[in-house]
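Summary of the model geometry
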Protein chains: 2
Amino acid sequence: MPSMDVCFSPELLPLYNLTGKIAVAVDVLRATSSMVTALSHGITHIAPVSELDSCLAYRDLGYLVAAERDGIKAEGFDLGNSPFHYLEEDRTGRMLAITTTNGTQAIRLSRAADEVLVGAFLNVGAVAEYVRKAGKDVIVVCAGWKGLFNLEDTLFAGALAERLEGDFTLNHDATLAAYHLYKAAKADKLGFLSKSSHVQRLERLHILKDIEFCLQEDTYTVVPVLKGEFLVPAE
Amino acid sequence: MPSMDVCFSPELLPLYNLTGKIAVAVDVLRATSSMVTALSHGITHIAPVSELDSCLAYRDLGYLVAAERDGIKAEGFDLGNSPFHYLEEDRTGRMLAITTTNGTQAIRLSRAADEVLVGAFLNVGAVAEYVRKAGKDVIVVCAGWKGLFNLEDTLFAGALAERLEGDFTLNHDATLAAYHLYKAAKADKLGFLSKSSHVQRLERLHILKDIEFCLQEDTYTVVPVLKGEFLVPAE
């Protein structure tokens, strides 16, 4: 039976062997939720970029450019980090380059895996289905917050563990922790998270609507998968 | 109000600012539980040492030397890592040098803090009382397992958070996670932990008796505190 593991911070990723595994990069608030939303609403592919400068350079190639630093849209960019950017305006057929504080780093560091997927509550069921079919070991790579553990990405890992229960072994300590935390939070994820100083900080940025959106499960069926430099919908 | 934070792995400790804080180093299975037991049963002070060689060198100074690697007593040492070493034989007035896979490293790395304490379930109430009186920010430094998150040290952090509730802010994500996991595990910690492949591995080493002992709360009132190179009972 394949196993599911969880890495709570990109800083810990060097301790994991990703060879032969599927990595699921997650930054629920809000990078990977926005990516899933973008690919579900007509964006053809996404370049996840680490640096502001290299992200901005994609504009000359015809890309929409999106950037956030510390929760706020970075100066000179078309878009910030809200999933509503892709809902409220038609972006069909557009290409997107995006850089965020934590999310794009998690994707980049996951490249040692056989495949890199992007996960969010919005597509958790589709991600579960994809990795179940693949039958390989899976590791959730939490973006965390500035290298630290965060609750929302952990809850995503727990939601994925619940979906995979019975078909994957869940006996790594981090996976068990995520699983139990999700069980405790499931009935009211927003209430559970709202005690977190990190989430309170996001709420002060007036993105409560975004947070509520990002905590919805199974809104989309797209599974973004990394092909070369780009995230594209899995076939 | 002072705050309580949790660092899930020594690998993440460089991300934390320890200045002005009390660090509580914890390696529940079994290093810090053994240290607490030793100081409660007549050991005068403990030298926590990182390397086997430098630990063995203390023998010439009249110390008992204890070492464990990967859960088993290291060759040439007087003692391994079981708290029963200090219960089953009279060690009154002896000095102890100890090195373990993860625990002594957590202590060493915590030195940037104002004070370093050693915590375990066995003395969790006494640790809570000590830090409450000190009124400083506290950070639990989990030894983890080979750099990875582990459940048992996290549960200790959760137990401490529960004891400090009302007097300390608990809104860091790692603290909230530990708190909720402890709530879920509290009624049957051993049952909760026995799903963990890491704890299963310890059980295969036939140390179930040790594990049960280490999960007891408030057996001892000693608070080991680092003075220079040595752990001594707090006054």
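This is a predicted model, so every value here is computed, not measured.

A separate point is the overall build of chain A. A count of helical and extended segments in chain A gives nine helices and ten strands. For chain A, whose C-alpha radius of gyration is 16 Å, the value lies close to the compact-globule estimate of 18 Å for 235 residues. Taken along the three principal axes of its C-alpha coordinates, chain A extends 45 × 40 × 30 Å. Intrachain contacts of chain A at a sequence separation of at least 6 include 76% that bridge at least 24 residues. In the structure as shown, chain A presents an accessible area of about 8700 Å², 50% of it carried by carbon and sulfur atoms.

With 94 residues, the main nonpolar core has A:Met4, A:Val140, B:Met4 and B:Val140 as its most contacted residues. Setting aside residues no more than four positions away along its own chain, B:Met4 makes contact with B:Val138, B:Val140, B:Ala157, B:Leu160, B:Ala161, B:Leu164, B:Phe168, B:Thr169, B:Leu170, B:His172 and B:Thr175. By size, the runner-up hydrophobic cluster in this structure holds 70 residues, among which are A:Leu64, A:Leu96, B:Ala106 and B:Ile139.

It is worth spelling out the packing of aromatic side chains at this point. Using the criterion set out here, one finds eleven aromatic pairs over all chains in the structure. Ring geometry for B:Phe121 versus B:Phe156: centroids 6.1 Å apart, planes at 70°, classification edge-to-face. One end of the pair, B:Phe121, is in the loop between β7 (115–119) and α4 (124–134); the other, B:Phe156, is in helix α5 (residues 151–164), with 35 residues separating them in the sequence. Considered together, B:Phe121 and B:Phe156 belong to a single accessibility category, that of buried residues. Each member of the aromatic cluster is reached from another via a ring pair, and the members are A:Phe8, A:Phe149, B:Phe8 and B:Phe149. The cationic tip of A:Lys209 hangs over the ring face of A:Phe84; the distance from NZ or CZ to the ring centre is 4.2 Å. The cationic tip of B:Lys189 hangs over the ring face of B:Phe121; the distance from NZ or CZ to the ring centre is 4.7 Å.

Okay, helix α6 (residues 173–185) of chain B next. With 13 residues, α6(B) extends 18 Å between its outermost C-alpha atoms, agreeing within 8% with the 18 Å of an ideal straight helix rising 1.5 Å per residue. Of the positions making up α6(B), those classed as buried are B:Asp173, B:Ala174, B:Thr175, B:Leu176, B:Ala177, B:Ala178, B:Tyr179, B:His180, B:Leu181, B:Tyr182 and B:Ala185.

Here the focus is the interface of chain B and chain A. In this assembly, 27 residues from chain B lie in contact with 27 residues from chain A. Both faces combined, the contact of chain B with chain A buries some 2200 Å², and carbon together with sulfur accounts for 70% of it. Counting across the interface, chain B meets chain A through zero salt bridges. Viewed at the interface, chain A and chain B are joined by six residue pairs in polar contact (both at pLDDT 80 or more).

Here we come to the layout of surface pockets. Its boundaries defined by the atoms lining it, the largest pocket holds a volume of some 290 Å³. Around the largest pocket, the lining is made up of 19 residues, and of these A:Leu148, B:Asp5, B:Tyr16, B:His172 and B:Asp173 lie nearest the centre. Those elements that provide at least two residues to the lining of the largest pocket are α8 (197–204) of chain A together with β1 (4–7), β8 (138–142) and α6 of chain B. Looking at the lining of the largest pocket residue by residue, the class counts come to nine nonpolar, six polar and four charged. Considered as a void within the structure, the second largest pocket measures approximately 200 Å³ in volume.

A word on the relation of the copies chain B and chain A. Of the transformation superimposing chain B on chain A, the axial component is 0.0 Å and the angular component is 180°, with the fit at an RMSD of 0.0 Å. As the rotation angle and translation indicate, the two copies are arranged about a two-fold axis. For chain B, the minimum C-alpha distance to the rotation axis belongs to B:Leu181 and amounts to 3.3 Å. When the interface residues of chain B are mapped onto chain A, 100% of them are again interface residues, pointing to one common binding face.

Here the focus is α8(A). Listing the buried residues of α8(A) in full gives A:His198, A:Val199 and A:Leu202. Projected onto a plane normal to the axis of α8(A), the buried residues spread over an arc of 95° and lie on a single side. Those residues of α8(A) that are buried are in contact with α5 (151–164), α7 (189–193) and α9 (208–214) of chain A together with α6 of chain B. Where α8(A) begins, the capping side chain belongs to A:Ser196, and its oxygen is found 3.2 Å from the backbone nitrogen of A:His198. With its phi angle positive at about 60°, A:His206 sits one or two positions after the end of α8(A).

Residues and elements named next belong to chain A. Cis peptide bonds are those with omega within 30 degrees of zero, and the linkage from Leu29 to Arg30 qualifies with 0°. Structurally, the position occupied by Arg30 is in the loop between β2 (22–26) and α1 (31–40). Even without being glycine, Lys146 reaches a positive phi, approximately 55°. In this fold, Lys146 is placed in the loop between β8 (138–142) and α5. Assessed through its relative accessible area of 43%, Lys146 is described here as partly exposed. Of note in the backbone geometry, Asp218 takes a positive phi value of approximately 65° without being a glycine.

Residues and elements named next belong to chain A. With five of its five residues buried, β8 lies for the most part within the structure. Burial along β8 is two-sided: the face carrying Val138, Val140 and Cys142 and the face carrying Ile139 and Val141 are both buried. Pairing geometry for strand β1 (residues 4–7) and β8, over four bridges, is parallel. Residue pairing for β8: Met4 is matched across the bridge by Val138. In this sheet, β8 lies alongside β2 in parallel orientation, the contact comprising five bridges. By the bridge assignment for β8, Ala23 is matched with Ile139.

Quick notes on the rules
- Residues numbered from 1 in each chain as written.
- Chains lettered and ligands numbered in written order.
- Predicted model: local features only at pLDDT ≥ 70, side-chain atom pairs only at ≥ 80, totals over all residues.
- Heavy atoms only, no water.
- Helix = DSSP H or I, 4+ residues; strand = E, 2+ residues; numbered from the N terminus.
- Rg over C-alpha atoms; globule rule 2.2 N^0.38 Å.
- Contact = heavy atoms within 4.5 Å.
- Areas by Shrake-Rupley, 256 points an atom, 1.4 Å probe, with all protein chains shown as cover.
- Core = buried A, V, L, I, M, F, W, Y, C linked by side-chain atoms within 4.5 Å.
- Buried < 20%, exposed > 50% of the residue type's maximum accessible area, 1.4 Å probe, protein only.
- Phe/Tyr/Trp six-rings, centres within 6.5 Å; stacked < 30°, edge-to-face > 60°.
- Lys NZ or Arg CZ within 6 Å of the ring centre and 35° of its normal.
- Expected span 1.5 Å × (residues − 1).
- Buried area = accessible area lost by both parts, 1.4 Å probe.
- Salt bridge = Lys/Arg side-chain N within 4 Å of Asp/Glu carboxyl O.
- Polar contact = N/O pair within 3.5 Å; in protein donor to acceptor, adjacent residues only side chain to side chain.
- 1 Å grid on protein atoms, 1.4 Å probe; cavity = no way out; pocket = protein on both sides within 12 Å on 5 of 7 lines; lining within 4 Å.
- Points joined across faces, edges and corners; volume = space filled by probe spheres on them.
- Nonpolar A, V, L, I, M, F, W, Y, C, P; charged D, E, K, R; others polar.
- Least-squares fit on C-alpha atoms with pLDDT ≥ 70 in both.
- Arc of directions from axis to C-beta.
- Pairing = 2+ DSSP bridges.

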